[in-house]
Every structure is written in structure tokens, then in C-alpha cells.
Amino acid sequence: MRRTWWIYLIGVLGLVAVAAPFLWMVLGSFKTQGELLRVPPTWWPDQPTSQNYDELFSKANFPRYFLNSTLVALAVTAGNLVFCSMIGYALAKLRFKGRNALFVLVMATLMVPGMVTFVPLFVLVTNAGLANSYPGLILPFLVSPFGVFLMRQFFLGLPDDLIDAGRVDGTGELGIFARIMLPLTRPALATLGILTFLGSWNNFLWPLVIAQTEDKYTLPVALALYSTGQNAQNYGLLMAGAVVVVVPVLVMFLAFQRHVTRGIAITGLK
Amino acid sequence: MTAVTDRQAQAVRRKSPPGHPRRRITREAAAAWVLVLPFVVLFLAFTAGPVLGSFGMSFTDIKQRDLRTPLSVNGVGFDNYAKALSDETFRKAAFNTAYFVIVGVPLTLVVALGAAVLLDRGIKRFQALFKVAYYLPVVTSIVAIAVIWRFVLSPDNGLLNTALGWVGIDGPNWLASKTWAMPSLIAMAVWRNFGSAMIIFLAGLQGIPQSVEEAGQIDGAGPWQRFRYLILPLLRLTILFNCVTMGIGYLQFFEEPFVMTKGGPLDTTLSVSMYTYNQFGFGNYGLATSMAYILFVVIAVVTFIQFRLLKEK
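Residues numbered from 1 in each chain as written. Chains lettered and ligands numbered in written order. Predicted model: local features only at pLDDT ≥ 70, side-chain atom pairs only at ≥ 80, totals over all residues.

Looking at an unreviewed UniProt entry, chain B carries the name Sugar ABC transporter permease, with the source organism given as Kribbella soli. The record in UniProt for chain B states the following under Sequence similarities (unreviewed entry): "Belongs to the binding-protein-dependent transport system permease family." (UniProt positions renumbered as here; feature names shortened; annotations may be inferred.)

Going by the annotation in an unreviewed UniProt entry, the name recorded for chain A is Carbohydrate ABC transporter permease, with Kribbella soli given as the source organism.

Description of the overall build of chain A
Per the secondary structure count, chain A includes 14 helices and zero strands. For chain A, the N- to C-terminal ordering of α and β elements is α-α-α-α-α-α-α-α-α-α-α-α-α-α. Taken over the C-alpha trace, chain A has a radius of gyration of 23 Å; the compact-globule value for 270 residues is 18 Å, which it surpasses by more than 25%. Counting only C-alpha atoms, chain A reaches 75 × 65 × 30 Å along its principal axes. Taken over 270 residues, chain A has a buried fraction of 45%. Contacts spanning at least 24 positions in sequence make up 77% of the contacts within chain A whose residues lie at least 6 apart. (Helix = DSSP H or I, 4+ residues; strand = E, 2+ residues; numbered from the N terminus. Rg over C-alpha atoms; globule rule 2.2 N^0.38 Å. Buried ≥ 20, exposed ≤ 12 C-beta atoms within 10 Å, placed from the backbone. Contact = placed C-beta atoms within 7 Å.)

So, the overall build of chain B
Counting secondary structure elements, chain B contains 14 helices and zero strands. The order of helices and strands in chain B, counted from the N terminus, is α-α-α-α-α-α-α-α-α-α-α-α-α-α. Oriented by its inertia axes, the alpha-carbon framework of chain B measures out at about 105 × 70 × 35 Å. For chain B, buried positions account for 41% of its 313 residues. In chain B, of all internal contacts separated by at least 6 residues, the share reaching a separation of at least 24 is 70%.

Some details on the UniProt feature "transmembrane region" (unreviewed entry) in chain A
Residues and elements named next belong to chain A. According to UniProt, the feature "transmembrane region" (unreviewed entry) maps to residues 7–27, 65–90, 102–125, 137–155 and 235–256 in the numbering used here. Secondary structure across residues 102–125 comprises 79% helix and 0% strand; the distance between its end C-alpha atoms is 25 Å. End C-alpha atoms of residues 137–155 are separated by 30 Å, and the span's content is 68% helix alongside 0% strand.

Describing the interface of chain B and chain A
In this complex, chain B contributes 76 residues to the contact, which on the side of chain A involves 74 residues. Considering every element that reaches the side of chain B that touches chain A, the biggest residue donor is helix α2 (residues 21–57) of chain B, with 21 residues. Taken together, the residues of the side of chain B that touches chain A sort by class into 55 nonpolar, 15 polar and six charged. (Nonpolar A, V, L, I, M, F, W, Y, C, P; charged D, E, K, R; others polar.)

Observations concerning the packing of helix α13 (residues 219–228) of chain A against helix α6 (residues 142–152) of chain B
Between α13 of chain A and α6 of chain B, the least distance of the axes is 9 Å, while the angle of their chain directions is 30°. Judged by the inter-axis angle, α13 of chain A sits roughly parallel to α6 of chain B. The handedness of the crossing between α13 of chain A and α6 of chain B is left-handed. Judged by residue contacts, Pro 220, Leu 223, Ala 224 and Ser 227 of chain A of α13 of chain A engage Val 143, Ala 144 and Val 147 of chain B from α6 of chain B. Its residues assigned to classes, the contact of α13 of chain A with α6 of chain B shows six nonpolar, one polar and no charged. (Axes fitted to C-alpha atoms, helices over the stretch in contact; angles between N-to-C directions. Parallel < 35°, antiparallel > 145°, perpendicular 65-115°, else oblique. Left-handed = near helix turned anticlockwise from the far one by under 90°.)

Overview of the confidence of the model for chain B
Residues and elements named next belong to chain B. In the predicted model, chain B carries a mean pLDDT of 84, and the fraction of residues at 70 or more is 91%. Under a pLDDT of 50 for its full length, residues 1–20 has, in the predicted model, one contact with residues more than four places off or in other chains. ipTM for the predicted complex: 0.86, alongside a pTM of 0.86. (pLDDT = per-residue confidence, 0-100.)

Side note on the environment of Leu 189 of chain A
Residue and element names in this part refer to chain A. Position of Leu 189 among the secondary structure elements: in helix α11 (residues 186–202). On the neighbour-count criterion, Leu 189 (20 C-beta atoms within 10 Å) is buried. Linking Leu 189 and Trp 24, residues 165 residues apart in sequence, is a C-alpha distance of 35 Å. Contact partners of Leu 189, with chain neighbours within four places excluded, come to Leu 81 and Ser 85.

What about the nonpolar core?
The biggest cluster of nonpolar side chains holds 161 residues, and the ones touching the most others in it are Ile 87, Leu 223 and Ala 242 of chain A together with Met 198 of chain B. Excluding its chain neighbours within four sequence positions, the residues that come into contact with Ala 242 of chain A are Met 25 and Leu 223 of chain A together with Ala 144, Val 147 and Ile 148 of chain B. (Core = buried A, V, L, I, M, F, W, Y, C linked by C-beta atoms within 7 Å.)

Concerning the UniProt feature "domain: ABC transmembrane type-1" (unreviewed entry) in chain B
Within this numbering scheme, the UniProt entry marks residues 94–306 of chain B as carrying the feature "domain: ABC transmembrane type-1" (unreviewed entry). In the segment residues 94–306 of chain B, helix accounts for 74% and strand for 0%; the C-alpha atoms at its two ends are 19 Å apart.

Comments concerning the UniProt feature "transmembrane region" (unreviewed entry) in chain B
Residue and element names in this part refer to chain B. Summarizing the sequence annotation, UniProt attributes the feature "transmembrane region" (unreviewed entry) to residues 30–52, 98–120, 132–152, 185–208, 229–251 and 291–310 in the numbering used throughout. The span residues 132–152 is 71% helix and 0% strand, and its two end C-alpha atoms sit 23 Å from each other. Here residues 291–310 is 100% helix and 0% strand, with 29 Å between the C-alpha atoms at its ends.

Notes on unusual backbone geometry
Residues and elements named next belong to chain B. Its identity is not glycine, yet Lys 262 carries a phi of approximately 55°, on the positive side. The topology assignment puts Lys 262 in the loop between α12 (255–260) and α13 (272–281). Even without being glycine, Leu 266 reaches a positive phi, approximately 50°. For Leu 266, a count of 10 C-beta atoms within 10 Å puts it in the exposed group.

Quick look at the confidence of the model for chain A
With 96% of its residues at a pLDDT of at least 70, chain A reaches an overall mean of 87. Within chain A, the lowest mean pLDDT, 80, falls on helix α2 (residues 33–36) of chain A, and the highest, 94, falls on helix α4 (residues 62–93) of chain A.

Below, the structure is given as C-alpha cells:
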């Protein structure tokens, strides 16, 4: 009994260490600039104020950044769900020339750093006239090697009998994919969808490079530039900005966490 | 003439007897290519193409002014690579990146494994709650985390120094100190990333049958011995996977110094990725791609070595 007591103590200390910066951020976003500079710092806001959020949403154009982030993340997620499930099925269940070579090639790019591709990508996208545009932000991320891997693994686990039965019934190959197999992958699609949305929402390097005017900034880009630019000393604004970036994904994660952790475990074990 | 026609006719007949399964295979392959095509087009244009393009650019003197005419540049052989490798700042960035990885990856894995064992063996009640909470930082934006941590680490009224003050320690100005800036970034990286490795360790631990430990218990092995000699070897593949993915991620660290230190003080937290990005910002595209490729080669080699060290035994 005494042993479990100290194990739980360690566990709770861990919780405090994980949660404290988040709480600090949320509480700080309701403090005035004067209170944020006070030594020693206060934990609860003395006079809670919404002025940081007012500034964020009226002067700082955060609604626009929020909209941009949402739009890009939704488009990227839709693309990954459609295209990765298509190729994932083909790689797992259909016989065609070059299948293994294609799979190996795609997996090899998993370890290519973003730094390697972004310069030529920038040249390409600029010359295609897509710099500082939504297509420029979205197109390079419509497919991902991770998505292919996840969907292929999941399709591999489905029985071939279903496909054979479809063929006997005279269903076309594409019909078998779309009407028989795809509906069975709903759990994998949920995992891929959430992970892709989170990844796109948090993506930084590419939007930093390609969004050149303020009206195309995504949230992380706006927050990073605010925090290193002329607003670097406006602590309340930055805290509130961080809340706007972090809280939507935390809520989303808590709602769908089963899918996220399961997906990670699937890819890690196979 | 007739003989040839006859033979052709025979060949045609042999090729497609009605109802033969061979026709189904070609239909299968056709369907496969329809399903694969959109991905392949996007993949070639936005991943494979740029990987090769980057390689090509690293051997040219391409600069920002060539942006609209990327094909009319001069080849310079290995000049960019030579320039990068002899650049003091690049070497410093390489050293910093190695520091971040060599300290950060093992630390993250130890914390992750500790948390996983704690949850798997110790914490039975509220296990799901602890698991989700420890995982929370993983899903959040590094930029936002870095902004928050700047306040946590702020010298006079930051959360950390205030907490240290309670136990009588006068904490330094973490991010402005040449000694402490990098450990601060590493601490933040461990805090943010241990959850993802923890989930995978947890899945690995849960895959080990209870009988393994029972056998050890019968043989009189203590808890630590059972963990060290029975559990840990069985987790080898899980450790390998975590090591590889963390290593690939940590070798590319970028947002942390970008937001928290801008690479300072005195370049002590400048990473290879950040220096590459800076060269791009200065318009030195050729040089930037050569630096990115050096990083790529290092990542590939490190990954390969990890596989060799941990996989076969």
C-alpha cells in the first residue's frame, strides 16, 4: 500500500510539470502588462482582463490567421484522406509492376528533412505563380509518406476474401475499393485525419517561407513573427496568441485522443 | 506471309482465352495505377522532384536573383560543400545540433520509458488520464510552446526561477546564458516530446506476456534485475523505433531556437536547420541546399548506424 502511494506522488508531480506551463499561459493571457512584469510574479490574475484578446482580435488580425490555419489544415487533411487511402489500398492489396519499388521509394522519403526540399520547392512554387497563395500553402502537403504507411498497414490487416467475393459478384476493381474496403478503414481514416490536421495546424517552416503578406499568415507564423518582432515585449498579447494556437488542438485532441494514441501505437509496432 | 499471320493469330488467341484469370490481373493493375496516380503526381512534383532539385542546386551558384531563371546558373562543383564545411559558424551549428541530439534523445527516451513503466506497472487507477495528460504537449505547436517557455524561463519573474527561489536557489537568466541556453532548449524538447515515445513504450510493455516476469520472479530476480535482463531486451525493437524517429526529429530542430533565442547567445543555440534557413534568407540558395544535404546525409548515416547497433544482436 505504501509503495503505490509514492508511485502516485511521482505520477502527480509529472502531471504538474506537464500542466504548469499551460496553466501559466492561460492565466497570463488574462493579466495586464503591468502585472505580467511584476516581481515576484502572481499566479492568479489580480484584475482579470480581456484586453489581450481584444487586441488580438481587433488590432492584430488573428481571426484572419485562424481562418487561414483552418482552411489550410482542412484542405490538407481532405487530400491526405483521399489520396493516401487510394495508394495505400493499391500497395496493400493489388498486384502491379513496381509495387515494392514504389513503396520503398515513398518510405525512404520519411527521413528527408524539410530543409532539403524547401528551397527548390520555393523556386518551383514561385515560378508557378503560387507564392503567397492558398494553393501554394496547401499543394506540397496534400500527400504524406506517413499517411501512405498508415493506410497500407491497415489495409494489409483486412481479409482478401472480401475482395474475391466482390470480384465474384462482378463489382469492378475501383468499386471494390470504394464501396467494400474503404468503409472498413474508418478507424484508420479517423487517425490519419486527426494526425494530419494537427500536423498541418502546427506546421511552421513552409508557411513561414511562402506566406509573404500578413493576410496569408497561419497562426504559428503570425505568433513566431510577433514574438520576435516589434511585439516581443507585449507579453499579454503573446500569451493570448499562444492560447489561440494551442487550445483548439488541445480540445480536438481530448475529443479524439483514442484515435491519436492508437494510430501512433500501430505505426510503432508494425 | 500466311504463316506469319497464322502465328500472330495463334498468339492472340493464346493471350486472351475468355475468362482466363490473366485478364483479371491486367484489370487489377490498371485499377492500381488509377489509385496510385494522383499520389505519384503530387509526390513527384512536391517531394521526389525537390529532393533531386535540391541535390542539383547544391552544385550551383544559384542565388535569390536567379529565382525566376533557375536553369541559367553556373555549376560550381563541390564549392558550396567546401564553403559550408570550412565555415566556422556552420561548424558551430553542427556542434550545437550534435549536443542537442546526443543529450536530448537519450534523456527523452529515459523519461519516456520511466513514464511508461510507471503507468504500466504502478498506476492502475486513472491510467488513461495520466497517459493523455503526458501526451498533451506532443500535439501542440512548437512555436506556441517556445513562446510560453520563454516566459517560464524568464529570469526575474519566470515560473521556473520563482519555483527555484522557494528552495533557495537563485536561477540564472536561462536563455541569455551561454552555458544554460542549450540545456534549456533540451529540457523543453524533452518536456514536449517524451509523450510520443511513452505511448510506443507502453504498447511495447503491454505486448510482453506476464509469464516472462513470473519466470524471473521464480528464479529469484529482483525488480531491477527483471527489468534490466528480461524486459529491456524484449523492448529492443521499440527502443530502436523511438531512437530512430526521435533522432531524425531532433537532428532537424529549428523552431525552438528561432522563437526562443534566435540562435544566441553568441550562436550557442544556432542549429544546422536554422543556419540553413538563414542562408536561404540571405539569398544563398546553393549554399543553403548544400547545408541541407549535409544534414540529410548525417540523418541517413545516423539512422543506419542505429539500425546496425540495435537490430541484430
